[in-house]
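# Per-entry structural report
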Amino acid sequence: MNATLVECPAAQRREALLYLAAVHDPTLQPGLQEALAEVKETPTFNWQGLWVAQQAGRIEAAVWVQPLANRTAQLWLPKMLDSTGLALIKVACQWVEQQRITLCHTLLAPQQFAWQAPLVAQGMRLLAELEHLRCSSRGRQSPTSLITLVPFSALTSAQQLALVEDVSQDSLDCPALHQLLSIDELLAGFYTKASQAPDHWYQVHYQEACEIGFEKQCVGVLLLAPDPTTPRCELLLMGLLPAWRGRGLGQEIIKHALALAAQMGANELVLTVDASNVPAKRLYERCRFTCYAQQRLLAWHPEERPE
C-alpha cells in the first residue's frame, strides 16, 4: 500500500467524510447526519479523530473517531474493507489509546458484518446484537391508569443518577455495555442523544392502594427524544425498579410513551432493544412494535485491548 495515513487537513474534511461507509448506507445515514449536526453546533469541535489515506495528495479512504461525552467516542468506518481500510482502523485504535478514550464503539449494519472479524482482531468486542423497532403513534391518546408521569427535571442531579442506576440494575438490555459504562457516562450519553433533555423525560409514579387510601411512589423512568428532523420520537430508556417488574406496568408506560409521541407531532415511536432481551421483545411485540433494522454493537475498552 502506497497511501500515506495522516490527520485530515482542514480543507479536505468535507471530502474525507464522503469516504465513510455511513455515507453510502441508508441505514447508517441518519446517525451520521445527527453526528455532523452536533459538530456544526460546536465551532470549537476537535477534528483530530478524522484520518485519511492519501496518495499523491488525493484521498483514498477515511476513518472518523467522533468524540462524545465523558471521554467516550464512536468509530465511523471506512467505505471499503481492504488493506487501506484496515490500516486506517489500526491508526484509529492507536489514536483512541493516545487520547485515553474510555470507550469507543461502532455499529455494524448487516452488510458490514464482515468488518467484525478485523475489528475484533484490533481489540474490539461484540457487546450486543441490536434490533431497531417502531410503532405508529398516530391518534394515540393518554390511557387512563394508575400511572402518572412526573418531570425528570424535578430531581436533583444526584437523584437522577440514583434513579437511572436503580432501573438499570440487572437489566437484560446490553448488560456487557452496562458493565463498561458508569451511570454518569450512561446518563451523559442519553443527554447527548436528546437535544431537548430533560424535556420529555419523566419519573414514572404508580398509585397503589394502602391503609390510608392511595399512595404514590416512583417505580421507574421514561426518557423520550423527539427527532427535530423527522416525524418520529425515540424511546431512549424505559425502565422499572426491580421490585416493580413483571406486574404489567411496562405496557402501561409504553401506552403513555405512544401518546406523548403523538402530542409531539411524531408519526411513530422508535426504540432499540438487545436481541437477547426476550422479556422486553415480548412486551414490544404485544404493543405492536415491528423490527425495521438490525445492528451489531462493538466497542474498544482500554482494559480489554491487546498489548
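Use the structure listed above.
Residues numbered from 1 in each chain as written. Predicted model: local features only at pLDDT ≥ 70, side-chain atom pairs only at ≥ 80, totals over all residues. Heavy atoms only, no water.

### As for unusual backbone geometry
A cis amide bond, omega 5°, links alanine 197 with the succeeding residue proline 198. Counting through the fold element by element, proline 198 comes out in the loop between α7 (183–193) and β8 (201–210). A positive phi is found at aspartate 170, a non-glycine position, where the angle reads about 60°. Tracing the chain through its elements places aspartate 170 in the loop between α5 (157–168) and α6 (175–180). Residue class for aspartate 170 comes out exposed when judged on its relative accessible area of 61%. (Helix = DSSP H or I, 4+ residues; strand = E, 2+ residues; numbered from the N terminus. Buried < 20%, exposed > 50% of the residue type's maximum accessible area, 1.4 Å probe, protein only.)

### Description of helix α9 (residues 278–286)
Counting along an α-helix, one turn takes 3.6 residues, and residues three or four places apart therefore face a common direction. Along α9, the residues classified as buried are Ala280, Lys281, Leu283 and Tyr284. Buried residues along α9 cover an arc of 160° about the axis, so they all sit on one side. Residues of α9 that are exposed and angled more than 90 degrees away from the buried face: Arg282, Glu285 and Arg286. For α9, the secondary structure elements touched by its buried residues are β6 (125–136), β10 (232–240), α8 (249–263) and β11 (268–274). (Arc of directions from axis to C-beta. Contact = heavy atoms within 4.5 Å.)

### Re the pairing of β10
Most of β10 sits inside the fold, with 7 of its 9 residues counted as buried. What joins β10 to β11 is α8, and the crossover it makes is right-handed. (Right-handed = clockwise from strand over helix to strand, strands pointing away.)

Without other data, these values stay purely geometric and don't point to any function.
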